Amino acid sequence: MCCDLKKRFLLLYATQKGQAKAIAEEIQQQAGAHGLEADMHCMSEMDKYNLEAEKDPVVIVISTTGTGDPPDTARKLIKKIQDKTLPPDHFAHLQYGLLGLGDSEYTFFCNGGKTVDRRLQELGAQRFYDTGLADDCVGLELVVDPWIDGLWLALKEVFLLQKEKEDMSSSANAVTNSLSTVPCEHKPDLTSDIQQLKLEDEDVRSSSVLSQKLVDVNRVTSAQDTEPSLVHSVPPISQSALNVPALPPEYIEVQFQDTHGEDPSPASLISEGTVFEVPVTKAFQLTREDAIKTALLLELDISDTTFDYQPGDSFCVICPNNASEVEELLHILGLSEKGGQFVCVKVKQSTKKKG
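Residues numbered from 1 in each chain as written. Predicted model: local features only at pLDDT ≥ 70, side-chain atom pairs only at ≥ 80, totals over all residues. Heavy atoms only, no water.

Some points on the nonpolar core
With 29 residues, the main nonpolar core has Phe-9, Leu-11, Ile-27, Leu-151, Trp-152 and Leu-155 as its most contacted residues. Elements with a contribution of two residues or more to this core: β1 (7–14), α1 (19–31), β2 (36–42), β3 (58–62), β4 (95–102) and α4 (141–180). With nine residues, α4 is the single largest residue contributor to this core. Excluding residues that lie within four positions of it along the chain, Phe-9 makes contacts with Ile-27, Ala-31, Leu-36, Glu-37, Ala-38, Asp-39, Asp-56, Pro-57, Val-59, Trp-152, Leu-155 and Phe-159. (Core = buried A, V, L, I, M, F, W, Y, C linked by side-chain atoms within 4.5 Å. Buried < 20%, exposed > 50% of the residue type's maximum accessible area, 1.4 Å probe, protein only. Helix = DSSP H or I, 4+ residues; strand = E, 2+ residues; numbered from the N terminus. Contact = heavy atoms within 4.5 Å.)

Side note on the pairing of β4
Buried residues dominate β4, accounting for seven of its eight residues. As paired elements, β3 and β4 share five bridges and run parallel to each other. Counted as the bridge partner of Val-58 is Tyr-96 from β4. You can see the chain leave β3, run along helix α2 (residues 75–81) and come back into β4, and the turn it takes is right-handed. In terms of strand pairing, β4 meets strand β5 (residues 126–127) through two bridges, oriented parallel. Bridge pairing in β5 links Tyr-96 to Arg-127. Between β4 and its parallel partner β5, the chain crosses via helix α3 (residues 111–122), and the hand of that crossover is right-handed. The pairing of β4 with strand β6 (residues 132–135) spans four bridges and is classified as parallel. Residue pairing in the sheet places Gly-100 in a bridge with Leu-133 of β6. (Pairing = 2+ DSSP bridges. Right-handed = clockwise from strand over helix to strand, strands pointing away.)

Note that every value here comes from positions in space, so none of it alone points to a role or purpose.
Below, the structure is given as C-alpha cells:
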C-alpha cells in the first residue's frame, strides 16, 4: 500500500579514507528505524542522482583531505557547481543538511564541507538542518552523534511541510474547479479566496509543526530516565539550546584478567627478537605551536638492525609512561588495586557503531 512507503531522502557522501562513508552507512542504517529510506550514493556517482531535479531532502557527509582539499570523490560535483554561468536560483528547489569532517590542527578546517555548503547557498539552496562540522582533533563523535540524533526530527519536519503544501495545492485546485462551474455573473473573487486559503493554511502549518515538536520532545522525555546519567543526556540539557553533545552509547567492553604470577610489564607481551633500540636522527614538528595535538616527523637510523621489511610494513614505538602519572591516573579511576592486571579491550558484539 502507498501509505506504507517510507519517505525517501538522498544521502551523498564524499570520502578519502572511508570515514565519511562509514558515517553515511550509519545514517542509512538508522533511517529505517525512523520510517525513512536513505537513497545513498557516493558523490562521484553522478549518473545515479540529479540535484537539478531532486525534490526530496538531501543529506551530505563530506570529509576534507590534505591541508583543506575536498576528497577526490567530490571533485567532479564541486567543479560542476562552481560553474560561474549558473544562475543564483539554480538550486532554489533544493533542501539540504550537511555534515563536514575535518581536523582543526590544519589551517583550513573542514574546508571540503565548507566549500560545498557555501556554493549551494550561493545557488539558492536552503538548509533544512544546521550544518555540522566535526573535528577529528578532539573526536569526531562529539559532533557526529548529536548531529545524527537531531537529523531525524529535522527530516520529519521537512516531510510534514511538503505534505501540507501538497494538501494546500489540492485544496486550491478543488476551489478553482468548483468555482469554474459557477455562472460568470455570480462568480466570486478567486484571488481573494485563494489568499484566504493560504492564510488559513499558514495558521494550520504553524500549529502542526509546534505540535509535532512538542510530541517529539515529550516522547524523548518519557523514554529516558530523569536520573543523572553518564550514558545519555537527560532533561533539561537534552532540550536546551546549549551546544553540549550527548554521550554516545557504550560500545567498548573492558575486562580485567588475572596475571597468575605473570610479568604484566609491556616487555613481557613482545616476542624476543622483535624489538630494536634505534636512535632518532631527525625530528620535525608538523603542527603549530598552539596545536592541541603535536604531530612529529621522525627519522630513525636502522642501519645497525638486522630485519627484513617490505614497502607497506608497519611498526610500533614503545614509549614508557611516567610512573607517578600512571599511579595518579589509576587512583583517579579507582583502579589502584588492579594496576598489576592485564586488560582486555574489545568492541561489544551488539554495537551498531560503524568503524
